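So you can see what is in the structure, the chains are spelled out below.
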Amino acid sequence: MTEGQVVDHAGLRRTVLVVALANLAYFGVEFAVALAIGSVSLFADSVDFLEDASVNLLIFVALAWSARARAKVGMALALILLIPGLATLWTAWDKFLDPVAPQPLALSLTGLGALVVNLSCAFLLARYRDHRGSLTKAAFLSARNDAFANVAIIAAGAVTAFLWRSAWPDLIVGLAIAALNLDAAREVWEAAREEHRAQP
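Described in the following lines is the structure provided in the data block. In this text, all values refer to a predicted model and were calculated from it rather than measured experimentally. (Residues numbered from 1 in each chain as written. Predicted model: local features only at pLDDT ≥ 70, side-chain atom pairs only at ≥ 80, totals over all residues. Heavy atoms only, no water.)

1. Focus: the side chain of S39
And step 1. As for its position among the elements, S39 is in the loop between helix 1 (3-37) and helix 2 (40-62).
And step 2. Taking relative accessible area as the criterion, S39 reaches 3% and is therefore assigned buried.
And step 3. Polar side-chain contacts of S39 include one of 2.8 Å to the side chain of D170.
And step 4. Discounting residues that sit within four places of it in the chain, S39 has contacts with A34, P102, L107 and D170. (Helix = DSSP H or I, 4+ residues; strand = E, 2+ residues; numbered from the N terminus. Buried < 20%, exposed > 50% of the residue type's maximum accessible area, 1.4 Å probe, protein only. Polar contact = N/O pair within 3.5 Å; in protein donor to acceptor, adjacent residues only side chain to side chain. Contact = heavy atoms within 4.5 Å.)

2. Here's the deal with the layout of surface pockets
And step 1. Counted as a void, the largest pocket has a volume near 170 Å³.
And step 2. Contributing to the lining of the largest pocket are A34, L35, G38, S39, V40, F43, T91, D94, K95, D98 and V100.
And step 3. For the lining of the largest pocket, the secondary-structure elements that each account for two or more residues are helix 1, helix 2 and helix 4 (82-97).
And step 4. The leading source of residues in the lining of the largest pocket is helix 4, at three residues.
And step 5. Per-class residue counts for the lining of the largest pocket are five nonpolar, three polar and three charged. (1 Å grid on protein atoms, 1.4 Å probe; cavity = no way out; pocket = protein on both sides within 12 Å on 5 of 7 lines; lining within 4 Å. Points joined across faces, edges and corners; volume = space filled by probe spheres on them. Nonpolar A, V, L, I, M, F, W, Y, C, P; charged D, E, K, R; others polar.)

Now the structure itself:
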């Protein structure tokens with residue numbers, strides 16, 4: 001490993017640790033608001049923040065492992081990415097049974113805060129997204145997808161406030177977040193399999 005690679009490796013470890021801590025902190029914020037206003041999309045996104053924190057902490061530890069071990073961890077991370085989607089479906093079912101619209105201003109403001117956190121994380125991770133195969137790809141895809149989801153949450157709040165006072169905008173966005181996570185899980189699984197096959 002060259003000196004530049006060592007520096008780059010150390011920078012990546014610092015980056016994923018910062019991203020993990022940022023995700024863990026905002027998980028607490030978003031989860032509390034989701035419970036307070038009864039939002040499916042915020043609940044799904046808060047679980048996703050917790051998942052992102054876990055993924056980045058795993059990456060922080062696993063970067064010291066062999067390439068074969070990293071590939072196996074990448075496959076495990078693909079399965080972890082499914083968890084928010086499954087949690088969203090469960091929460092959405094409860095909302096179908098009791099379709100009360102969440103408070104739109106709190107929904108949009110919390111989504112805006114989440115967008116700032118996720119864009120910052122995606123920016124930090126962008127330079128490393130191809131550095132360590134499936135591991136950093138998992139982290140970058142999570143941050144990128146979450147930013148798209150946050151824009152949708154903000155829009156759901158605006159629609160609920162001004163156009164359609166209903167639980168449906170929040171429900172639709174929550175289910176879309178689940179779909180994003182399923183697609184990210186597929187991409188990470190494929191990258192991890194390729195990384196595993198490339199090992200002797």
